[in-house]
Amino acid sequence: MGLRLHIHPEAGPIFEQIVAGVKAAIARGELRPGDKLPSARALAEELRVNPNTVIRAFAELEREGITETRRGLGTFVREDVDRAALRRELLAAAARRYLEAARSLGLNPEEAAAVLREVETDAGDPKRA
Amino acid sequence: MLEIQNVHKQYLKTPALNGVSFTVSPGQVVGLLGLNGAGKTTLLKVIAGLLLPDQGSVHLDGMPPRKQRGRIVYLPEQNPWPEQASPARVAALLTGADPTFDRGRYRELLSFLEVPDRPFGQMSRGQRARANLALTLARRVSLYLLDEPLAGIDLISRDRILKALVREWREDATLILSTHEVGEAEGLFERAVFLKKGRVVLDTSVEALREQGKSVVETFKEVLA
């Protein structure tokens, strides 16, 4: 099972962190369409959180069309899940944080983009970065 | 449904509880948070029916705790068993005497919590805490009151206890857990009731708190300092 979640109680609602964690796992390909999620109870145990919090997170994932419940079988990643959209969503969030950092340093978006290209050239092999 | 209404309790001249009111619905896990001396233990004992309030009332599904004895279990902070007693001996004692005691569940809990079969007097604090938790959770009741189940014990025991609490959580049972060390347990709480000098100073949904960008630990410092 490719779902590794890390919960930080000081970093906002736990149910949102679980939702974001599942989405990130799908975006990164750790969870694939058709994969089964752990049961709410098992995940609650692993994360040491209230089972109701996990149930709420699973309901939200279903509402957003990320997962589906198959009766008696459990919760699964939907076959038609839009992985590209999730990836974009995640990257856009990272980009917003980057832009914010740039702005706080007094750099405009063009300068920030230039730095990004520079870093990429320097890094060469992305695994080294 | 547990209803606590305007509970006052005084020891000699010192007030321990000063008009405490809140209600808890079945299935809720409530953190009762406060510094030492805030009145947490007194409140739990009043809810358990071990102490009578001077004023105010406690009702579990419409009846006072003393009429609901078979539906409430209270885990005191101190080990309540004699040093010579072992978990197996206590179980033998409770089987039959306490109809809520589920022996099969107890066995599972002892093994999950890795409790050694030796007298309480020969156990470490963590082992004793785990043994007592097994004895508490092996009771099939509606209301579980745990007084500082994580205090003063090792990290591994604390983690095992938290895991057991999540595992044993049932939709129809209410759990109230008092603690002055919030950190590790906060994910478990649905709701936090902050007690200061015998009064409720804050009663909030824990996730709602986080939505406002605050953690339970931060709030603890803010509200109780």
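Residues numbered from 1 in each chain as written. Chains lettered and ligands numbered in written order. Predicted model: local features only at pLDDT ≥ 70, side-chain atom pairs only at ≥ 80, totals over all residues.

A. Up close: the overall build of chain B. Of the regular secondary structure elements, chain B holds 7 helices and 9 strands. A compact globule built from 225 residues would reach a C-alpha radius of gyration of about 17 Å, and chain B, at 17 Å, matches this within 12%. Each principal axis of the C-alpha distribution contributes one length, and for chain B these read about 45 × 40 × 35 Å. For chain B, with 225 residues in total, the buried portion stands at 43%. Counting only contacts in chain B whose residues sit at least 6 apart along the sequence, the fraction spanning at least 24 positions is 69%. (Helix = DSSP H or I, 4+ residues; strand = E, 2+ residues; numbered from the N terminus. Rg over C-alpha atoms; globule rule 2.2 N^0.38 Å. Buried ≥ 20, exposed ≤ 12 C-beta atoms within 10 Å, placed from the backbone. Contact = placed C-beta atoms within 7 Å.)

B. How the structure looks around the interface of chain A and chain B. If you look at the interface, chain A gives 16 residues, while chain B gives 18 residues. For the side of chain A that touches chain B, the elements supplying multiple residues, two or more each, are helix 1 (14–27), helix 2 (40–47) and helix 3 (51–63) of chain A. Classifying every residue of the side of chain A that touches chain B gives 9 nonpolar, 4 polar and 3 charged. (Nonpolar A, V, L, I, M, F, W, Y, C, P; charged D, E, K, R; others polar.)

C. Here's a closer look at the pairing of strand 7 (residues 174–179) of chain B. Residues and elements named next belong to chain B. Across the 6 residues of strand 7, 6 count as buried, placing the element largely inside the fold. Neither face of strand 7 is exposed, since T174, I176 and S178 on one face and L175, L177 and T179 on the opposite face are all buried. With 5 bridges joining them, strand 3 (residues 29–33) and strand 7 adopt parallel strand pairing. Opposite L33, over in strand 7, you have T179 as the bridge partner. By the bridge criterion, 5 bridges tie strand 6 (residues 143–147) to strand 7 in an arrangement that is parallel. Residue pairing for strand 7: D147 is matched across the bridge by S178. Regarding topology, helix 5 (residues 155–168) serves as the crossover connection from strand 6 to the parallel strand 7, and that connection is right-handed. (Pairing = 2+ DSSP bridges. Right-handed = clockwise from strand over helix to strand, strands pointing away.)

D. Representation of the nonpolar core. Core analysis: the largest hydrophobic core is formed by 85 residues, its most contacted members being A134(B) and L145(B). Of the residues forming this core, the biggest block, 7 residues, is contributed by helix 1 of chain A. (Core = buried A, V, L, I, M, F, W, Y, C linked by C-beta atoms within 7 Å.)

E. Here's a closer look at the packing of helix 1 of chain A against helix 4 (residues 83–104) of chain A. Residues and elements named next belong to chain A. Interhelical geometry of helix 1 versus helix 4 gives an angle of 115 degrees and a closest axis separation of 8 Å. With respect to the hand of their crossing, helix 1 and helix 4 are arranged in left-handed fashion. For the pair formed by helix 1 and helix 4, the contact residues are K23, A24, I26 and A27 on the first element and R83, L86, R87 and L90 on the second. When the residues that make up the contact of helix 1 with helix 4 are grouped by side-chain class, the tally is 5 nonpolar, no polar and 3 charged. (Axes fitted to C-alpha atoms, helices over the stretch in contact; angles between N-to-C directions. Left-handed = near helix turned anticlockwise from the far one by under 90°.)

F. Quick look at the pairing of strand 9 (residues 199–205) of chain B. Residues and elements named next belong to chain B. Sheet topology places strand 8 (residues 191–196) next to strand 9; 6 bridges connect them, and they run antiparallel. Note on strand 9: the bridge partner recorded for V193 is D203. If you look at the hairpin formed by strand 8 and strand 9, you'll find 2 residues sitting between the two strands, and K197 has a positive phi there, around 45 degrees.

G. Here's a closer look at the domain arrangement of chain A. Residue and element names in this part refer to chain A. On domain assignment, one finds that chain A holds domain 1 (14–77) and domain 2 (83–123). Just the C-alpha atoms count here: the centres of domain 1 and domain 2 sit 29 Å apart. On the side of domain 2, 4 residues touch domain 1, which itself brings 4 residues to the contact. Here the side of domain 1 that touches domain 2 is composed, by residue class, of 3 nonpolar, no polar and 1 charged. (Domains from an automatic or database assignment.)

H. Broad picture of helix 4 of chain A. Relative to the 32 Å expected for 22 residues at 1.5 Å per residue, helix 4 of chain A spans 32 Å between its end C-alpha atoms, a close match to the ideal helical length. Where burial is concerned, little of helix 4 of chain A is hidden: 0 out of the 22 residues are buried. (Expected span 1.5 Å × (residues − 1).)

I. Focus on helix 5 of chain B. Between its first and last C-alpha, helix 5 of chain B extends 20 Å over 14 residues, near the 20 Å set by a 1.5 Å rise per residue. Of the residues making up helix 5 of chain B, those classed as buried are S157(B), R158(B), R160(B), I161(B), L162(B), A164(B), L165(B) and V166(B). Packed against the buried residues of helix 5 of chain B are helix 2 and helix 3 of chain A together with helix 3 (103–112) and helix 4 (125–137) of chain B.

J. Geometry of the confidence of the model for chain A. The predicted model of chain A has a mean per-residue pLDDT of 91, with 94% of residues at 70 or higher. Per-element confidence in chain A ranges from a low mean pLDDT of 87 for helix 5 (residues 109–123) of chain A to a high of 96 for strand 2 (residues 74–77) of chain A. (pLDDT = per-residue confidence, 0-100.)

K. Just the packing of helix 4 of chain A against helix 5 of chain A, in detail. All names here are of chain A. It is the contact of helix 4 with helix 5, at a shortest axis distance of 10 Å, that shows an interaxial angle of 115 degrees. As the angle between them shows, helix 4 and helix 5 are arranged roughly perpendicular. Both helix 4 and helix 5 take part in a crossing whose hand is right-handed. Between helix 4, through Y98, L99 and A102, and helix 5, the contact on the second element is made entirely by P109, E111 and A112. (Parallel < 35°, antiparallel > 145°, perpendicular 65-115°, else oblique.)

L. Expanded view of the sheet that holds strand 5 (residues 72–75) of chain B. All names here are of chain B. Strands sit in the order 5-6-7-3-8-9 across an open sheet of 6 strands; the sheet is mixed. Each edge of the open sheet carries a strand with a single partner, namely strand 5 and strand 9. Each neighbouring strand pair of the sheet contributes to a mean axis angle of 15 degrees, computed without reference to strand direction. Along the sheet, helix 4 contacts strand 5 and strand 6; its crossing angle with strand 5, the most-contacted strand, is approximately 175 degrees. In this fold helix 7 (residues 216–224) packs onto strand 3, strand 8 and strand 9, with an angle of close to 25 degrees to the strand it touches most, strand 8.

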